[in-house]
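Residue strings, one per chain:
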Amino acid sequence: MIVIAHLSDVHIDGGSRAADRTRAVMDYLDALPYDLDAVVVSGDIADAGTPAEYEEARALLVSRHPTVICPGNHDERVAFRRVLLGEEEPSREPVDRVLRADGFALAVCDSSVPGEDHGYLTDATLTWLDGVLADTPHEVPVLVAFHHPPVPLHTPYVDAIRQFGEERLAELAGRHPHLRAFLCGHAHTAAVTTFAGRPLLVAPGVVSTIRLPWERAAGPDHHVHLDEPPAVAFHVLGDDGRLTTHYRVVTGRR
């Protein structure tokens with residue numbers, strides 16, 4: 001059995017609120033009586049993309065479990081690479097990485113567009129992902145993570161800045177049947193749908209939870225719940241090949 005924890009949108013900003021909520025989630029994961037196969041953090045690590053925010057995030061996101069992180073629309077690639085990845089001469093190219101482990105691979109793609117809020121996978125990223133999938137034996141399942149969901153989630157505020165150009169990713173997925181699922185964040189709500197015939201599994205937000213269109217709001221700009229506790233997803237690949245996702249609220253610390 002393979003168990004992957006998935007969190008997103010921690011938005012470290014130098015304040016105590018985001019830090020306390022992120023620490024609560026990471027403490028919860030480290031205290032589990034089980035060795036997770038991976039922890040993936042799917043973007044919006046920093047709130048303004050400053051080096052100081054990444055310094056704080058680097059300390060907060062330390063885990064006893066293997067951890068991989070990708071950028072979101074609030075992140076800045078150069079500072080992300082220098083502080084979180086330890087690159088001495090960081091480039092501005094997309095941050096694409098792969099974690100290979102016993103029985104699975106986790107490809108983490110950069111869907112951020114510098115200076116913009118919407119997402120898009122560059123041709124270079126898609127070429128890289130195609131190579132990762134081609135180099136992975138077909139009997140080994142691959143999960144692909146990025147920040148922006150490539151489909152509408154019926155949340156207008158987020159749907160306007162989702163990932164676009166998604167037909168290129170769908171075409172790539174059609175060539176690789178061992179691509180088992182897509183993981184993303186950005187939406188600040190736990191959600192499950194499909195894309196390119198695969199599950200699309202959306203992590204809840206750590207820093208906040210988006211207000212759905214049918215929930216009560218004080219005004220048109222009242223987008224998020226700030227009093228909902230942080231949460232995390234667990235994606236489980238069973239020995240029978242079935243993929244199951246559990247969502248767990250981290251209570252007691254906000």
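Model, not experiment: these values are computed from the prediction.

Colleague: Could you give an account of the pattern of salt bridges, naming the residues involved and the relevant values?
Modeller: Overall, the coordinates contain 11 salt bridges when judged by the stated rule. Its salt-bridge partner being Glu55, residue Arg58 comes within 2.6 Å of it at the nearest N-O pair. With Arg58 and Glu55 both in helix 2 (residues 51-60) and three residues apart, the pair spans about one turn of that helix. Of the charged contacts in the structure, one is a salt bridge between Arg175 and Glu171, with a shortest N-O distance of 2.5 Å.

Colleague: Could you give me a rundown of the pairing of strand 4 (residues 97-101), with the residues and numbers involved?
Modeller: Inspection of the sheet shows strand 4 paired to strand 5 (residues 104-108) by five bridges, in the antiparallel sense. If you follow Val98 over to strand 5, its bridge partner there is Ala107. In this antiparallel pair of consecutive strands, strand 4 and strand 5, the connection spans two residues, and Gly103 shows a positive phi of 95°.

Colleague: Summarise the sheet that holds strand 14 (residues 231-237); cite the residues concerned and give the values.
Modeller: Sheet strands pair by backbone hydrogen bonding; their relative direction is either parallel or antiparallel. Strand order in the open sheet made by the five strands is 3-2-1-14-15, with mixed pairing throughout. The sheet is open, and its two edges are formed by strand 3 (67-70) and strand 15 (243-249), each paired on a single side. Each strand axis lies, on average, 20° off the axis of its neighbour in the sheet, ignoring direction. Where strand 14 and strand 15 come together, seven bridges link them in antiparallel fashion. Within the sheet, the bridge partner assigned to Ala233 lies in strand 15 and is Tyr247. In the packing of helix 1 (residues 16-30) onto the sheet, contacts are made with strand 1 (2-7), strand 2 (38-42), strand 14 and strand 15, and the angle to strand 14 comes to roughly 35°.

Colleague: Mind laying out the packing of helix 2 against helix 3 (residues 77-84), listing which residues take part and the relevant values?
Modeller: Their axes nearest at 9 Å, the elements helix 2 and helix 3 cross at an angle of 40°. By the angle between their axes, helix 2 is oblique relative to helix 3. The element helix 2 and its partner helix 3 pack so that their crossing is right-handed. Residues Pro51, Tyr54, Glu55, Ala57 and Arg58 of helix 2 form the contact with helix 3, whose own contacting residues are Ala79, Phe80, Val83 and Leu84. Class assignment for the residues of the contact of helix 2 with helix 3 results in seven nonpolar, no polar and two charged.

Colleague: Describe helix 2, naming the residues involved and giving the relevant values.
Modeller: For helix 2, every residue scored as buried is listed here: Glu53, Tyr54, Ala57 and Leu60. For helix 2, the angular spread of buried residues about the axis comes to 120°, placing them on one side. Structural note: helix 2 exposes Ala52 and Ala59 on the side pointing more than 90 degrees away from its buried face. Tucked into the core, helix 2 has its buried residues touching helix 1 and helix 3.

Colleague: Kindly report on the side chain of Thr136, identifying the contributing residues and their values.
Modeller: By the element assignment, Thr136 lies in the loop between helix 4 (123-135) and strand 7 (142-145). Contacts of Thr136, omitting those with residues within four sequence positions, involve Arg100, Val142 and His178.

Colleague: Any details on the nonpolar core? Residues and values, ideally.
Modeller: One finds Leu7, Leu29, Leu36, Ile45, Tyr54, Val232 and Phe234 to be the most contacted residues of the largest nonpolar core, which totals 33 residues. Elements that contribute at least two residues to this core include exactly strand 1, helix 1, strand 2, helix 2, helix 3 and strand 14. With six residues, helix 1 is the single largest residue contributor to this core. Not counting residues within four places of it along the chain, the set of residues in contact with Tyr54 comprises Ile45, Ala46, Gly49, Asp75, Glu76, Ala79, Phe80, Val83 and Leu84. Among the nonpolar cores identified, the runner-up in size contains 26 residues, and Val132, Val151, Phe182 and Phe195 belong to it.

Thresholds applied
- Residues numbered from 1 in each chain as written.
- Predicted model: local features only at pLDDT ≥ 70, side-chain atom pairs only at ≥ 80, totals over all residues.
- Heavy atoms only, no water.
- Salt bridge = Lys/Arg side-chain N within 4 Å of Asp/Glu carboxyl O.
- Helix = DSSP H or I, 4+ residues; strand = E, 2+ residues; numbered from the N terminus.
- Pairing = 2+ DSSP bridges.
- Axes fitted to C-alpha atoms, helices over the stretch in contact; angles between N-to-C directions.
- Contact = heavy atoms within 4.5 Å.
- Parallel < 35°, antiparallel > 145°, perpendicular 65-115°, else oblique.
- Left-handed = near helix turned anticlockwise from the far one by under 90°.
- Nonpolar A, V, L, I, M, F, W, Y, C, P; charged D, E, K, R; others polar.
- Buried < 20%, exposed > 50% of the residue type's maximum accessible area, 1.4 Å probe, protein only.
- Arc of directions from axis to C-beta.
- Core = buried A, V, L, I, M, F, W, Y, C linked by side-chain atoms within 4.5 Å.

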